[in-house]
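# Structure at a glance
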Amino acid sequence: MPVIRAGWIPPEVPVSRSASAHRPSRRRISVLLPCLIGGALLVGGAAATASAAAQALVVRDELVAAVPEIDALRSSIDPAAPVGVDAAALERAADSVGRAARSTDRLDWWIAERVPVIGTNFEAVRTAAEAADVVVRDVLEPVLALPLDGLTAEGRLDTEKLGSLARASAHALETLQEQVARLDRLNRSALLPQVSEALERVAAPLQEASSLGTTLAPVLRTLPGVLGEGGPRDVVVLFQNSAESRALGGIAGASVLIHLEDGALSVTRSLAAADFIAHGEPVVSLPSDADALYRSDGFALAGTTIHEVTSRPDFSYGARAASALWQESHGIAPDVVIAVDPVALSYLLRATGPVSLEDGSTLTADTVVPQLLNGVYRVDGALSDEANRAQDAYFTSVVRALVADLQGGELDLPQAVGAWVQAVDERRLLAWSADRVEQRAIVLAGVGGVLPETTGEHVPFGLYLADAVGSKLEFYLRQDVSVTAGACAADGSRTVTIASAFTNTIDAEPALDTGEFDYIAGLYEREGLARGQIRLRAMVYLPEGAQIGSFRIDGVETPFTVGSDSGRPVAYTTITVAPGARVSLEADALVPGMGGRTVSFEGTPGVVPTTVQNAVDSCR
């Protein structure tokens, strides 16, 4: 055996040329190994993608099959036209979306989602399937299972049951909004046409239903507290008379105080405008620029009387002024102030059915508007305090009758929800709370009536009206509005045009020249007008930084006055509409930095809903 000495180096072992040729070098291994792994992954990914693609067709078919069922369910609980829930449709929808969601919970699908480019399609299909499954199982099924009976007992509202119902409904609606938000976050630009089309068919009915959640969920969260779940509440209801227009709808004449305690609703005060102290100065301070604006041209100053709490298009201000007048005149600090007009009441009457008044007469959804805004003024056409009080008493008797019906449980809940949604959409129902948390929910629910603000998507415009004759002639007013915009400038500025056509339909009244119409015609002689002529102050509220260009009446430029309200530019002019005439008003405004924003428009809700055509598309 050889002895190995220090420093000894073994001799070189000969290796055959053929053996060395077949042994891979370390360098070649370092290159080949990732390629082999990558190739295996590609083959595996391709196989997984192919497998998932075959399954995706099944998922798509399940989702598409569920769309008519989901849409039918959405329609069945649509408060505007409830037709009853189809339990079989609910079961079919649950089965279809459940199978679709389970089919995407697979390893091959997980792999397919991570394949570049094509993976976004698998992600979109899975998201749609999961969203639809959540909506059916966590929104539709729980909501449709909620008990709607037994909400009243012995003339009292069951506030505990109502609170539970409201919170469960709010949670379901918020869940729906979360799922729609998931779908909205998907990048649809990279989707295949077939996937994009299927996704849109699934998302459309969910998005439509989600808009209801935006309006109702915040209200449902606060409803138990408003109804007195946490203790007694005093709610003032202002009756807006839209036959004599003001910015938010109409003058606030009659009003009532409703006390809520332990589920019992009672009308404790019924007041006319004459029951309140009138002031020469606003009872709640206005911003300095708004104060100057509303003092101009002898126009009634906002917040000086109960009539004028709705003359500025910001109900958070008007409600605080109304609250101050109630405290001063009657020593009551209301917790909540609500403003409603007769058209909104007509929507509510669809849910309660006809109401019987103290005088033995009956009002229905079809008769309440013409009676309250026109017929009552013909009984005693004289311009007198006695006539004013009689008319206000009639208004409050309607509210009393409605409260009695609500407390007695005479309410179709889906129709009531529909009434709420329609009244909110048309800005006929406004609310304010002295509680900050409630007030925030009220604003989120779209009933705060606050001045709209510029957002990343919209710039706000408003066209608000005020009667300038002291008449009830706006019962005969019809209005159509169009919103258009010019080309988008390189600096992001754009000219926006608000155009409104006003029609005076009183010419169809043969009794216009009789004493029956004295009260309705108003103080036309004082204004130098002919009987039956409507005169309006039309105020255009612009987004911050915008500049009014011109006002035109029937195509001819007319003078206008410029001011501001809380920093927002405001311009106004006066328009007169003769019986049977149609008069157009146009206002141009240059909006700097508008960029890709569109226009959100608000106006004064009239007796007949205003037709608004908003044709402003984004510049993007």
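The structure under discussion appears in the preceding block.
The sections below set out a description of the structure shown in this document. From a predicted model like this one, the values you see are computed outputs, not experimental measurements.

This paragraph deals with the overall build of the chain. Each helix and strand counted, the chain has 15 helices and 20 strands in total. Each of the 620 residues in the chain was classed as buried or not, and the buried ones make up 50%. The contacts of the chain with a sequence gap of at least 6 include a subset with a gap of at least 24, amounting to 73%. Summed over all atoms, the accessible surface of the chain reaches about 28500 Å², with 55% contributed by carbon and sulfur.

The next subject is the side chain of arginine 428. Tracing the backbone shows arginine 428 in the loop between helix H13 (413–425) and strand S9 (429–433). At 2.8 Å, the side chain of arginine 428 forms a polar contact with the side chain of aspartate 341. In this structure the side chain of arginine 428 is engaged in a polar contact, spanning 2.6 Å, whose partner is the side chain of glutamate 426. Excluding residues within four positions of it along the chain, arginine 428 makes contact with Ala339, Val340, Asp341, Val343, Ala344, Tyr347, Ala423, Pro605, Gly606, Val607, Val608 and Pro609.

For aspartate 554, which is not glycine, the phi dihedral falls at a positive 50 degrees. Within the secondary structure layout, aspartate 554 lies in the loop between strand S14 (547–553) and strand S15 (556–558). Take aspartate 554: its relative accessible area is 46%, and that puts it in the partly exposed class. The phi angle at serine 566 is positive, at roughly 55 degrees, despite the residue not being glycine. Along the chain, serine 566 falls in the loop between strand S16 (561–565) and strand S17 (568–577). On the basis of relative accessible area, serine 566 is assigned to the partly exposed category, the value being 39%.

Let us look at the sheet that holds strand S11 (residues 477–485). As summarised here, the arrangement of the 6 strands in space is S15-S14-S18-S12-S11-S20, forming an open sheet in which the pairing is mixed. Where the open sheet ends on each side, the last strands, each with one partner, are S15 and strand S20 (611–614). Across the sheet, the mean angle from the axis of one strand to that of its neighbour is 20 degrees, orientation sign disregarded.

The angle between the axes and the distance between the axes are what describe a pair of packed helices. Orientation of helix H10 (residues 342–352) relative to helix H11 (residues 368–379), taken along the N-to-C sense of each, is 155 degrees, at an axis distance of 8 Å. Judged by the angle between their axes, H10 and H11 are roughly antiparallel. In this structure, H10 meets H11 at a crossing whose hand is right-handed. Of H11, the residues touching H10 (which contributes Pro342, Val343, Leu345, Ser346 and Leu349) are Val368, Val369, Leu372 and Leu373. Looking at side-chain class alone, the contact of H10 with H11 contains 8 nonpolar, 1 polar and no charged residues.

A few words now on the state of the cysteines. Here the structure, examined in full by the defined rule, presents 1 disulfide. For cysteine 488, the disulfide goes to cysteine 619, at an S-S distance of 1.4 Å. The S-S bond linking cysteine 488 to cysteine 619 shows a torsion near -70 degrees; that makes this disulfide left-handed. With cysteine 488 in the loop between S11 and strand S12 (494–504) and cysteine 619 in the segment after S20, the pair connects residues that are 131 residues apart, well separated along the chain. Its relative accessible area of 29% is what places cysteine 619 among the partly exposed residues.

Of all the residues in helix H8 (residues 288–295), the buried ones are Asp289, Ala290, Asp291, Leu293 and Tyr294. The inward-facing, buried residues of H8 abut strand S13 (534–541), S16 and S17. In the stretch just after H8, aspartate 297 is the one whose phi turns positive, near 55 degrees.

Attention shifts here to the pairing of strand S18 (residues 582–591). With 10 bridges joining them, S12 and S18 adopt antiparallel strand pairing. Pairing of isoleucine 498 across the sheet is with alanine 587, part of S18. Note that S14 and S18 share 6 bridges and pair antiparallel. Paired with arginine 552 across the two strands is glutamate 586, which belongs to S18.

On to the sheet that holds strand S4 (residues 251–261). Taken in spatial order, the 5 strands make up an open sheet running S5-S4-S3-S6-S9, and their pairing is mixed. Only two strands of the sheet have a single partner each, and these edge strands are strand S5 (264–271) and S9. Each neighbouring strand pair of the sheet contributes to a mean axis angle of 20 degrees, computed without reference to strand direction.

Turning our attention to the pattern of salt bridges. Taken as a whole, this structure holds 22 salt bridges when the rule is applied. One salt bridge connects glutamate 130 with arginine 182, and the closest N-O pair in it is separated by 2.8 Å. Separated by 52 residues along the polypeptide, glutamate 130 in helix H5 (residues 119–144) and arginine 182 in helix H6 (residues 159–184) bring together distant segments of the chain. Given the relative accessible area of 26%, glutamate 130 is considered partly exposed. Arginine 428 is the partner of glutamate 426 in a salt bridge, and the nearest nitrogen-oxygen pair spans 2.6 Å. On the accessibility criterion, glutamate 426 (22% relative accessible area) is partly exposed. Classification of arginine 428 by relative accessible area gives buried; the value is 2%.

Below, the discussion takes up the side chain of threonine 304. Mapped onto the elements, threonine 304 comes out in the loop between H8 and helix H9 (315–330). At 2.8 Å, the side chain of threonine 304 and the backbone oxygen of leucine 301 are in polar contact. Residues contacting threonine 304, with those up to four places away along its chain left out, are Ile277, Ala278, His279, Gly280, Glu281 and Pro282.

Packing of H10 against H13 leaves a shortest axis separation of 7 Å and a crossing angle of 165 degrees. Between H10 and H13, the angle falls in the class roughly antiparallel. In terms of crossing hand, the pair formed by H10 and H13 is right-handed. Touching Ala344, Tyr347, Leu348, Arg350 and Ala351 of H10 are Gln415, Ala416, Gly418, Ala419, Gln422 and Ala423, all from H13. Here the contact of H10 with H13 is composed, by residue class, of 7 nonpolar, 3 polar and 1 charged.

Turning our attention to the packing of aromatic side chains. The geometry of two aromatic rings is summed up by the distance between their centres and the angle between their planes. A full pass over the atoms with the stated rule returns 8 aromatic pairs. Seen in terms of ring centroids, phenylalanine 276 and tryptophan 326 are 5.5 Å apart; in terms of plane orientation they differ by 70 degrees. Their pairing is edge-to-face. Of this pair, phenylalanine 276 sits in the loop between S5 and H8 while tryptophan 326 sits in helix H9, placing them 50 residues apart in sequence. Note on accessibility: phenylalanine 276 and tryptophan 326 belong to one class, buried. Connected via pairs of aromatic rings, a cluster forms that spans Phe239, Tyr377, Phe395 and Tyr519.

The rules behind these values
Residues numbered from 1 in each chain as written. Predicted model: local features only at pLDDT ≥ 70, side-chain atom pairs only at ≥ 80, totals over all residues. Heavy atoms only, no water. Helix = DSSP H or I, 4+ residues; strand = E, 2+ residues; numbered from the N terminus. Buried < 20%, exposed > 50% of the residue type's maximum accessible area, 1.4 Å probe, protein only. Contact = heavy atoms within 4.5 Å. Areas by Shrake-Rupley, 256 points an atom, 1.4 Å probe, with all protein chains shown as cover. Polar contact = N/O pair within 3.5 Å; in protein donor to acceptor, adjacent residues only side chain to side chain. Pairing = 2+ DSSP bridges. Axes fitted to C-alpha atoms, helices over the stretch in contact; angles between N-to-C directions. Parallel < 35°, antiparallel > 145°, perpendicular 65-115°, else oblique. Left-handed = near helix turned anticlockwise from the far one by under 90°. Nonpolar A, V, L, I, M, F, W, Y, C, P; charged D, E, K, R; others polar. Disulfide = S-S within 2.5 Å. Salt bridge = Lys/Arg side-chain N within 4 Å of Asp/Glu carboxyl O. Phe/Tyr/Trp six-rings, centres within 6.5 Å; stacked < 30°, edge-to-face > 60°.

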